[in-house]
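The lines below spell out each chain.
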Amino acid sequence: MNAIIDQDDNQSPEYAIHTRKLNLWYGTFQALFDVDLSIRNGMITSLIGPSGCGKSTFLRSVNRINERLGYVRIEGDIDVLDNNIYDPAVELVQVRKQIGMVFQRPNPLPISIRDNILFGHRLHNKGSKADQDEIVESALKQVLLWDKVKDRLNHKGTELSLEEQQKLCIARLLPVKPSVLLMDEPCSALDPKGTAAVEELIWELRGEYTILIVTHNMAQARRASEECIFMLMGKVIEHQATEDLFVTPAQKETADYIEGRYG
Amino acid sequence: MPEASSTKLASTADFDRRDLDWYIDKVVQLIVFFAGISAIIFIIGIFIFITMEGLGFLFEDFTFKEFFLSPFWEPSDEDAPEYGILALIAGTASVTGLAMIVAIPFSLGAAIYIGEFATGKVRETLKVLVELLAAIPSVVWGFIGLSIMNPLIIDLFDVPVGLNVLNAGIILGLMAAPIMTSIAEDALKAVPDRYREAAEALGATRWQVIFKTVLPAAKNGLLGAVLLGVGRGFGETMAVLMATGHAVNIPGSLFDPVRALTATIAAELGETAVGSPHYQALFTIGIFLFIITFLINLTADLIVRGIRKG
């Protein structure tokens, strides 16, 4: 798609996200300890671990959305596509343009489906009214929602079913042309059918985007990701290809977790 | 434990026992019920009362054309009294209109600051202060209009009298702003945080989040806040009586004195003979005011509750 505005670097870096000694505190509580992670470009990587292990915290520091809480302190670096996003010169808006996020609870805005899709696009492309219909159509087609909603683009996004809302939330990221998609338990509010549909969609997007997905659901991590990271108590325990992590985990904690001994 | 189960069985006999607590519960329910519907009783009672007092005028001297379309309010003219409230309506409307022009930017700005920017102590302090501001008696505002704004306007604009639309509009705007701020802030607070998060994650700046997401989502509540301000403006009496100049006049400029509907009742009711046409005419103004403010407040309430869509 988008042959017109293709600003890909000639050689894309091997790692989309690269962290060095990332420590994070909420007030006085330390949530992340020396996280060193290298997340491959163009792959689906899942983050698993018990509640409170820091997986969502890590995810939310990759687009710096954590900062809206106001009491978060960070040490260390996160490089996204070889740029340190915690550099003081970095503009948050540009960071978020590159890194889209899907939240645990679908959060379409209370505006029409069409306006939802165009929301990000309009923020970043001032004045260009052209091609809006095309953008809406192509984004909705990519998330397999076009046939269902094409006749009611003026209905509110919040009137859709949860599964459709979540797909809409993924679709509205695409016109902004991010390179990384962060997904924070995107299926946890959905029923099994919706979960399957959204997982299928995530799998469809593989290769086009680097996808980092936090999940509570180990089966989902196994089905829907290529690499898998296991975190515990704010630390990264293991990072492997998904099939290896689930079949031959290197660490005892990982083995205990995937066998359901805790968490 | 066979004994325990047998005593339980025995105690089933008095399932229908009513002790003191039961009666207290019923009595309290009744009292609370009457307290609850008292608002309805009072509203209907007041409406009936002012209608009865004004009824004589409505059926005898009242002509729709004169009452609403004549700018001459001369009830004490002994030969040919005239009861036209057009000038009074113009007075109330002009003052309320100016008040909204003053109050909307103030209250919306304050609500956005308190709701979206201020945090912690600043926010709490401001909320308390705004509520204190709303509690200032209107006669104090009138006093400010009379003794501070009046000479100030005379000085600044070189006009002979400082009691006019401008003075009353500013005073009324400042009076209405706190309650409007409070309600507007509630409306902003009711916007779920995930909308802000969604917009921010898409790369919206703080201002874009507010302007493109929060304000549209809160627009019903904000409209309700404005309407309540308008209702306040229509109903306000004392400050308007003191700051408008109290001259029956259709204003041609901001510096013209006017007279408001409410102020007319307040100033003249004590000097009329009970039951006279003048007295009844004042009550007819009361009916008119009652209906207008009732409709405005009802609309505001419906909008705030989101019963209306749009």
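Predicted, not measured: the structure shown is a model, and the values here were computed from it.

Draft legend 1. Main features of the overall build of chain B. Scanning chain B from N- to C-terminus turns up 13 helices and two strands. Taken over C-alpha atoms, the radius of gyration comes to 27 Å for chain B, far larger than the 19 Å a tight globule of 310 residues would show. Taking all 310 residues of chain B together, the buried fraction comes to 41%. A separation of at least 24 residues holds for 69% of the contacts in chain B among residues at least 6 apart in sequence. Taken as a whole, chain B presents about 16,800 Å² of accessible surface, with 69% of it coming from carbon and sulfur. Between the mean site of the 19 positive side-chain charges and the mean site of the 30 negative ones, chain B shows a separation of 17 Å.

Draft legend 2. The arrangement of the packing of helix α4 (residues 86-117) of chain B against helix α10 (residues 219-235) of chain B in detail. Residue and element names in this part refer to chain B. Running from N to C, α4 and α10 cross one another at 140°; their axes reach a closest spacing of 9 Å. In terms of orientation, α4 and α10 fall into the oblique class. The two elements α4 and α10 meet at a crossing, and its hand is right-handed. Facing α4, whose interface residues are T92, T96, M100, I104 and L108, α10 presents L222, V226, G229, V230, G233 and F234. Here the residues of the contact of α4 with α10 are counted per class, giving seven nonpolar, four polar and no charged.

Draft legend 3. Representation of empty space enclosed by the protein. This structure, assessed with the given rule, holds one cavity of 30 Å³ or more. Taken as a whole, the largest cavity encloses approximately 30 Å³ of empty space. Partitioning the lining of the largest cavity into residue classes produces five nonpolar, one polar and two charged.

Draft legend 4. Main features of the pairing of strand β2 (residues 29-40) of chain A. All names here are of chain A. Pairing of strand β1 (residues 15-26) with β2 involves eight bridges; the strand directions are antiparallel. Across the sheet, residue L24 finds its bridge partner in β2, namely L32. Connecting β1 to the next strand, β2, in antiparallel fashion are two residues, including G27 with a positive phi near 60°.

Draft legend 5. Highlighting the environment of M218 of chain A. Residues and elements named next belong to chain A. The topology assignment puts M218 in helix α8 (residues 218-224). C-alpha separation for the pair M218 and Y257, spaced 39 residues apart in sequence, amounts to 9.5 Å. With residues near it in sequence (within four places) discarded, M218 still touches I48, F246, Y257 and I258.

Draft legend 6. Focus on the interface of chain A and chain B. Between chain A and chain B, the residue contacts involve 24 residues of the former and 17 residues of the latter. Of the roughly 1,800 Å² buried at the junction of chain A and chain B (both faces included), carbon and sulfur atoms supply 59%. Three residues, R68, F119 and L123 of chain A, lead the burial of chain A against chain B; their summed loss comes to 31% of the area buried on that side. On inspection of chain A and its partner chain B, the count reaches four salt bridges. The closest approach of N and O atoms between R60 of chain A and E197 of chain B, which form a salt bridge, is 2.5 Å. Between chain A and chain B we count five residue pairs in polar contact (both at pLDDT 80 or more) in total. Here the element with the most residues in the side of chain A that touches chain B is helix α3 (residues 113-124) of chain A; it accounts for four residues. By residue class, the composition of the side of chain A that touches chain B is 13 nonpolar, five polar and six charged.

Draft legend 7. Layout of the confidence of the model for chain A. Overall, the predicted model of chain A reaches an average pLDDT of 89, with 95% of residues at or above 70. Here residues 1-10 of chain A scores under 50 on pLDDT; set against residues more than four positions off or in separate chains, the count is five contacts.

Draft legend 8. Examining unusual backbone geometry more closely. Although it is not a glycine, D34 of chain A sits at a positive phi angle of roughly 45°. Along the polypeptide, D34 of chain A turns up in strand β2. On the basis of relative accessibility, which here comes to 42%, the residue D34 of chain A falls in the partly exposed class. Unlike most non-glycine residues, D158 of chain B shows phi in positive territory, near 55°. In this structure, D158 of chain B sits in the loop between α6 (138-157) and α7 (165-189). Overall, D158 of chain B belongs to the exposed group, its relative accessible area being 69%.

Draft legend 9. Summary view of helix α6 (residues 162-171) of chain A. Residues and elements named next belong to chain A. Among the 10 residues of α6, nine are classified as buried, and the element is accordingly described as predominantly covered. If you check which residues of α6 are buried, you get E163, E164, Q165, Q166, K167, L168, C169, I170 and A171. Looking at the buried residues of α6, the elements they touch are β6 (99-102), α3, α4 (132-142), α5 (146-149), β7 (180-184) and α7 (192-204).

Draft legend 10. Summary view of the sheet that holds strand β10 (residues 235-241) of chain A. Residue and element names in this part refer to chain A. Across the sheet, six strands lie side by side as β6-β7-β8-β3-β9-β10; this open sheet has mixed pairing. Each edge of the open sheet is held by one strand with a lone partner, namely β6 and β10. Averaged over all neighbouring strand pairs, the angle between strand axes comes to 20°, with direction disregarded. Two strands pair when backbone bridges link them, and strand β3 (residues 44-48) and strand β8 (residues 210-214) are joined in this way by four bridges, in the parallel orientation. Residue pairing across strands places I44 opposite I211, the latter belonging to β8.

Draft legend 11. Molecular detail of the state of the cysteines. All names here are of chain A. Summed over all chains, the structure comprises zero disulfides over all chains. Unpaired in terms of disulfides, C169 finds its nearest cysteine sulfur in C187, a separation of 12 Å. Accessibility expressed as a relative area gives 1% for C169, which makes it buried.

Draft legend 12. Up close: a nonpolar patch on the surface. Residues and elements named next belong to chain B. On the surface, I40, I43, I44, F47, I48, M52, I291, F294, L295, L298 and L302 cluster together into a nonpolar patch covering about 960 Å² of accessible area. Counting only elements with at least two residues in the nonpolar patch, the list comes to α2 (20-59) and α13 (277-304). With six residues, α2 is the single largest residue contributor to the nonpolar patch. Overall, the relative accessible area of 58% leaves M52 in the exposed class.

Draft legend 13. Region of the structure containing the pairing of β6 of chain A. Residue and element names in this part refer to chain A. Where burial is concerned, the two faces of β6 agree: the one with I99 and M101 and the one with G100 and V102 are both buried. Examined bridge by bridge, β6 and β7 share four bridges and lie parallel to one another. Counterpart to V102 in the pairing with β7 is M183.

Draft legend 14. Looking closely at the layout of surface pockets. A volume near 780 Å³ is recorded for the second largest pocket. R68 of chain A together with E116, R196, E200 and R206 of chain B are the residues nearest the centre of the second largest pocket, which is lined by 28 residues in total. Listed by contribution, the elements that provide at least two residues to the lining of the second largest pocket are α2 (92-98) of chain A together with α4, α7, α8 (193-201) and α9 (206-217) of chain B. Sort the elements by how many residues they give to the lining of the second largest pocket and α8 of chain B lands first, with four residues.

Cut-offs and rules
- Residues numbered from 1 in each chain as written.
- Chains lettered and ligands numbered in written order.
- Predicted model: local features only at pLDDT ≥ 70, side-chain atom pairs only at ≥ 80, totals over all residues.
- Heavy atoms only, no water.
- Helix = DSSP H or I, 4+ residues; strand = E, 2+ residues; numbered from the N terminus.
- Rg over C-alpha atoms; globule rule 2.2 N^0.38 Å.
- Buried < 20%, exposed > 50% of the residue type's maximum accessible area, 1.4 Å probe, protein only.
- Contact = heavy atoms within 4.5 Å.
- Areas by Shrake-Rupley, 256 points an atom, 1.4 Å probe, with all protein chains shown as cover.
- Lys, Arg positive; Asp, Glu negative; His and termini not counted.
- Charge placed at Lys NZ, Arg CZ, Asp CG, Glu CD.
- Axes fitted to C-alpha atoms, helices over the stretch in contact; angles between N-to-C directions.
- Parallel < 35°, antiparallel > 145°, perpendicular 65-115°, else oblique.
- Left-handed = near helix turned anticlockwise from the far one by under 90°.
- Nonpolar A, V, L, I, M, F, W, Y, C, P; charged D, E, K, R; others polar.
- 1 Å grid on protein atoms, 1.4 Å probe; cavity = no way out; pocket = protein on both sides within 12 Å on 5 of 7 lines; lining within 4 Å.
- Points joined across faces, edges and corners; volume = space filled by probe spheres on them.
- Pairing = 2+ DSSP bridges.
- Buried area = accessible area lost by both parts, 1.4 Å probe.
- Salt bridge = Lys/Arg side-chain N within 4 Å of Asp/Glu carboxyl O.
- Polar contact = N/O pair within 3.5 Å; in protein donor to acceptor, adjacent residues only side chain to side chain.
- pLDDT = per-residue confidence, 0-100.
- Disulfide = S-S within 2.5 Å.
- Patch = residues over 30% accessible without salt bridge, like charges linked within 9 Å, V, L, I, M, F, W, Y side chains within 5 Å.

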